[in-house]
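Summary of structural features
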Amino acid sequence: MENVILLSDRNSHSWRFAQKIQEHIFKIRGVNIDLREIEITKFNNGEIRVHVPSNVRKKDVFYIHDSSKNPSDWWVELLLIKDLLLRGSVNSLSLVLPNMLYSRQDRKDQPRVPISARALADSLSKGIKRIITMDLHANQIQGFYPASTPVDNLYSFPAVVRYLRKHYLQDLDNLVVVAPDAGAARRTKAFLSKLEKAQEDSLVKQKYSFALLSKIRDAPGEVGEMKLVGDVEGKNALLVDDLIDTGGTLRKAAEILRQHGARKLFCYGTHGIFTKGTEILTEVFDKVLTSNTQYNENSIEIIDVTPLFAEAIYRAQVGLSVSTLFEL
Ligand code: R5P
């Protein structure tokens, strides 16, 4: 591991994220990996300028990017950083993208629209050894990248299940786990099975169930009609989503669940963007949970997923299994 360096921008939210990765690898694996700085500035007209002050020649670099940035800056910075590092003769370059932006447009769902997730993959993949991300909007996005650039899609669920069992064990009894739309059904069922698995060795067995909301979007960022399939009457409910943008989906879902007699309401969205603030959800949910793939103030509950990224980086580098990371 002596040839490995973590690279991040000290003036961005990803610096703390990178520090935590570094700390975790040292604590658990006893390996001290160098965390180096990249400078990202702008010309007066807004063009982005990137610079690494130290020598990176022959290094295996893991660049940790800040997903909370303006999405256009996020993309252009990645292209420029890749160019700079490859020209700087790194041995290999892996990108750590806690939230893979531009993932929502992952198919051509109407005429004359781009497949943005594919366009991103085309622009990034050449010369990149590996991409490490979390809870991709759709698993098939991994297939947009060539075999020479594998994408490790980490799952945050084990961390979330552990957190819920530690802090809210009693509220989990007779819990119904709800998918806020059809696209989330698979992910939510995977979450449910982790929850069930986590209590295998426990003496007290809780009962969990599954429900689904069908959602029709009138326009991007607007949520139309929603219908509930399943029973939530008298149960605590947990909505699980990959992404909270405006919060409109989960707010509307909370209203429907209340109308159908749900008791306590929890929600978890891995990537908490909250473009309309967190109140839209804290007003209607008993607990709002997210991870730290996006930067948020501590006004909501934030589950730290840096240990998963740290382990994935370590295992990718030394050739250990990454999938066993998700076992509870
Ligand atoms: C949709 O397919 C996604 O999984 C999320 O449900 C959606 O992007 C959330 O957006 P918003 O918070 O704006 O409703």
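Quick caveat, the model's predicted, so the values are computed rather than measured.

Right, let's get into the pairing of strand 5 (residues 60-64). Burial within strand 5 is extensive, with 5 of its 5 residues counted as buried. Where burial is concerned, the two faces of strand 5 agree: the one with Asp 60, Phe 62 and Ile 64 and the one with Val 61 and Tyr 63 are both buried. Note that strand 1 (residues 4-8) and strand 5 share 4 bridges and pair parallel. In the sheet register, Val 4 faces strand 5, and the bridge partner there is Asp 60. Sheet topology note: the strand 5/strand 6 (residues 92-97) ladder contains 5 bridges and is parallel. Across the sheet, residue Asp 60 finds its bridge partner in strand 6, namely Ser 92.

The subject of this paragraph is the domain arrangement of the protein. The extent of an interface is frequently quoted as the accessible surface area lost upon association of the parts. Its domain assignment divides the protein into domain 1 (4-155 + 305-326) and domain 2 (157-303). A separation of 27 Å is found between the C-alpha centroids of domain 1 and domain 2. Across the boundary between the two partners, domain 1 contributes 19 residues, which contact 18 residues of domain 2. Buried surface at the junction of domain 1 and domain 2, summed over both partners, amounts to about 1,500 Å²; 48% is from carbon and sulfur atoms. Area buried by domain 1 at its contact with domain 2 is led by Arg 104, Asp 135 and Val 305, which between them contribute 33% of it. Applying the counting rule to domain 1 against domain 2 returns 1 salt bridge. Close ionic contact of Arg 104 with Asp 245 constitutes a salt bridge, the shortest N to O distance being 2.8 Å. The biggest single contributor to the side of domain 1 that touches domain 2 is helix 8 (residues 306-318), with 3 residues. Here the residues of the side of domain 1 that touches domain 2 sort into 10 nonpolar, 6 polar and 3 charged.

On to unusual backbone geometry. Even without being glycine, Arg 112 reaches a positive phi, approximately 55°. Residue position: Arg 112 is located in the loop between strand 6 and helix 3 (116-125). A positive phi is found at Asp 135, a non-glycine position, where the angle reads about 40°. Locating Asp 135 in the fold gives a position in the loop between strand 7 (130-134) and strand 8 (151-154).

So, about the environment of Ser 12. Here Ser 12 shows up in the loop between strand 1 and helix 1 (14-29). Note: C-alpha distance between Ser 12 and Tyr 295 (283 residues apart in sequence) is 9.7 Å. Contacts of Ser 12, omitting those with residues within four sequence positions, involve Asp 66 and Lys 69.

Working note: α-helix, 3.6 residues per turn, so residues spaced by three or four point in the same direction. Relative to the 22 Å expected for 16 residues at 1.5 Å per residue, helix 1 spans 22 Å between its end C-alpha atoms, a close match to the ideal helical length. Of the positions making up helix 1, those classed as buried are Ser 14, Trp 15, Phe 17, Ala 18, Ile 21, His 24 and Ile 25. Contacts made by the buried residues of helix 1 are with strand 1, strand 2 (34-37), strand 5 and helix 8. Just downstream of helix 1, Gly 30 is the residue with a positive phi angle, here 70°.

Here is what the cut-offs are and how they apply
- Counting restarts for each chain: residues are numbered from 1 in the order of the written sequence.
- Residue-level local features of this predicted model are given only where pLDDT is at least 70; pairs of side-chain atoms are given and counted only at 80 or more, and the full residue set underlies all totals for whole chains, interfaces and linings.
- The basis for every side-chain value is the complete set of non-hydrogen atoms in the structure, without hydrogens or water.
- We call a residue buried when its accessible area falls under 20% of the maximum for its residue type, exposed when it is over 50%, and partly exposed in between, using a 1.4 Å probe and counting protein chains only.
- Labels follow the DSSP assignment, with helices taken as runs of H or I lasting at least four residues and strands as runs of E lasting at least two, numbered in each case from the N terminus.
- At least two DSSP bridges between two strands are required for those strands to pair.
- Each domain's limits were defined by an automated method or a database of domain assignments.
- We call two residues contacting when some pair of their heavy atoms lies within 4.5 Å.
- Put simply, buried area is how much 1.4 Å-probe accessible surface two parts lose in total, over both of them, once they are put together.
- One speaks of a salt bridge when a side-chain nitrogen belonging to Lys or Arg is within 4 Å of a carboxyl oxygen belonging to Asp or Glu.
- Put simply, Ala, Val, Leu, Ile, Met, Phe, Trp, Tyr, Cys and Pro go in the nonpolar bin, Asp, Glu, Lys and Arg in the charged bin, and everything else, Gly too, in the polar bin.
- In a helix, the anticipated span is given by 1.5 Å times the number of residues less one.

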